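Coordinate analysis (summary)
Listed here are the chains, written in short residue letters.
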Number of protein chains: 2
Amino acid sequence: MTLIYLAGPEVFLPNAVEQGAAKKALCEQYGFTGLYPLDAELDPDAYDSPQAMAFAISRGNEQLIQQADAIIANLTPFRGVSADVGTVYELGLARGLGKTLLAYSNDVRPFAERSYAMFGPAEAVYSASGELAMIDRDGNSIEDFSLSDNLMIEGGIQLAKGRFMTHESSAAERLTDLSGFEALLQWLAAG
Amino acid sequence: MTLIYLAGPEVFLPNAVEQGAAKKALCEQYGFTGLYPLDAELDPDAYDSPQAMAFAISRGNEQLIQQADAIIANLTPFRGVSADVGTVYELGLARGLGKTLLAYSNDVRPFAERSYAMFGPAEAVYSASGELAMIDRDGNSIEDFSLSDNLMIEGGIQLAKGRFMTHESSAAERLTDLSGFEALLQWLAAG
């Protein structure tokens, strides 16, 4: 039985539980078992402080990742130009633990293009040879390798011989479209 | 000899090399050796594509993290509300590999406060009992555990029995202030 940890910012959506259920149902359809962060229902009253509860959630998620054979991470940009950092941490952890790494993004634009649109300078800066300087408004460089996000993310997936897919979704379904997710399940099932 | 991987968005600064040199000099002062992503100077002409070069950088960084005994991650928010995702991936990887995890942020504000300021709704939403709803403008929840960033990050450091510190820097020195970094070196040296 292949256990797949379902990482992504879905846990922050108003329909977080339903999104998890939909992903778990798809996993089952392909013969896999999905492990979703919200599977563990914690009682806020059982903790002395918000931090203690947060650490319990973190411990539970790390345990699920350790149990899992693979991770499928939703790396669609979340509140900004990059993937949700919690999801990215989990992907790195899974890489360190030697798990199978699968990930998708529902935004096909390259990282450099998204970053420049969001953080580029008010006035474009050009080199002597006429090339656009890929810098942000503070003069920091914007990495431009035709990848979907920071190079450590897609690089790690590549080093792990995993798979990363992008799929263009409508803005309304940006975080919930499961086409890329299902394509990864098909890829894993074809093994 | 304790090897420390120096993770952070410094690699994107105009003075990226100098920042790395400053961090390495501080490491040496405390009897440690710092490993900085830009130590490996890659020749862009040696690669067939930008992606191939990006993957070579990723491979080099992962190798440095594997060699290292510890990681010190600069988790100061970078181009948005959270830490640089590349740095966060590296922290997760180091956690999976069982390394010592140390991290700092030069912004003392809690994650929820920063997130609400940047992504909160135009009109505040209150519950029947008068509590402010911690949601963003899309209705997604903003996690509110009095932590500095997504709970997986500080949670992982806590699980690893590592150390996370915040330090308030001036805006101009937000990404370059090394007070928190040095405090972590002192903590590590005190062992």
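Before any of the text, the structure's been laid out above.
What you see is a predicted model, and the numbers here were worked out from it, not measured in a lab.

**Considering the interface of chain A and chain B**
Counting residues at the interface gives 53 residues for chain A, matched by 53 residues for chain B. Roughly 4,400 Å² is buried in total at the junction of chain A and chain B, and carbon and sulfur atoms are behind 68% of that figure. When the area that chain A buries against chain B is broken down by residue, the three leading residues are Arg79, Tyr89 and Met152 of chain A, summing to 19%. On inspection of chain A and its partner chain B, the count reaches 4 salt bridges. Between arginine 95 of chain A and glutamate 62 of chain B there is a salt bridge, and its shortest N-O distance comes to 2.7 Å. Remark: the boundary between chain A and chain B carries 10 residue pairs in polar contact (both at pLDDT 80 or more). Taken together, the elements giving at least two residues each to the side of chain A that touches chain B come down to α2 (50-67), α3 (85-96) and α5 (151-159) of chain A.

**Topic: the environment of methionine 152 of chain A**
For methionine 152 of chain A, the location among the structural elements is in helix α5. A residue is classified by how much of its surface remains accessible, and methionine 152 of chain A, at 3% relative accessible area, is buried. Separated by 60 residues in sequence, methionine 152 of chain A and glycine 92 of chain A place their C-alpha atoms 9.0 Å apart. Leave out the neighbours within four places in its chain, and methionine 152 of chain A touches Ser58, Asn61, Glu62, Gly86, Tyr89 and Glu90 of chain B.

**With respect to the pairing of strand β3 (residues 70-74) of chain B**
Residue and element names in this part refer to chain B. The buried fraction of β3 amounts to 5 of the 5 residues, a majority that puts the element mostly inside the structure. Alternating residues of β3 divide into Ala70, Ile72 and Asn74 and Ile71 and Ala73, and every residue in both groups is buried. Pairing of strand β1 (residues 2-7) with β3 involves 4 bridges; the strand directions are parallel. Along β3, the bridge assignment pairs alanine 7 with alanine 73. Note: β3 against strand β4 (residues 100-105), 5 bridges, orientation parallel. Of the residues in β4, the one forming a bridge with isoleucine 71 is leucine 101.

Basis of the calculations
Residues numbered from 1 in each chain as written. Chains lettered and ligands numbered in written order. Predicted model: local features only at pLDDT ≥ 70, side-chain atom pairs only at ≥ 80, totals over all residues. Heavy atoms only, no water. Contact = heavy atoms within 4.5 Å. Buried area = accessible area lost by both parts, 1.4 Å probe. Salt bridge = Lys/Arg side-chain N within 4 Å of Asp/Glu carboxyl O. Polar contact = N/O pair within 3.5 Å; in protein donor to acceptor, adjacent residues only side chain to side chain. Helix = DSSP H or I, 4+ residues; strand = E, 2+ residues; numbered from the N terminus. Buried < 20%, exposed > 50% of the residue type's maximum accessible area, 1.4 Å probe, protein only. Pairing = 2+ DSSP bridges.

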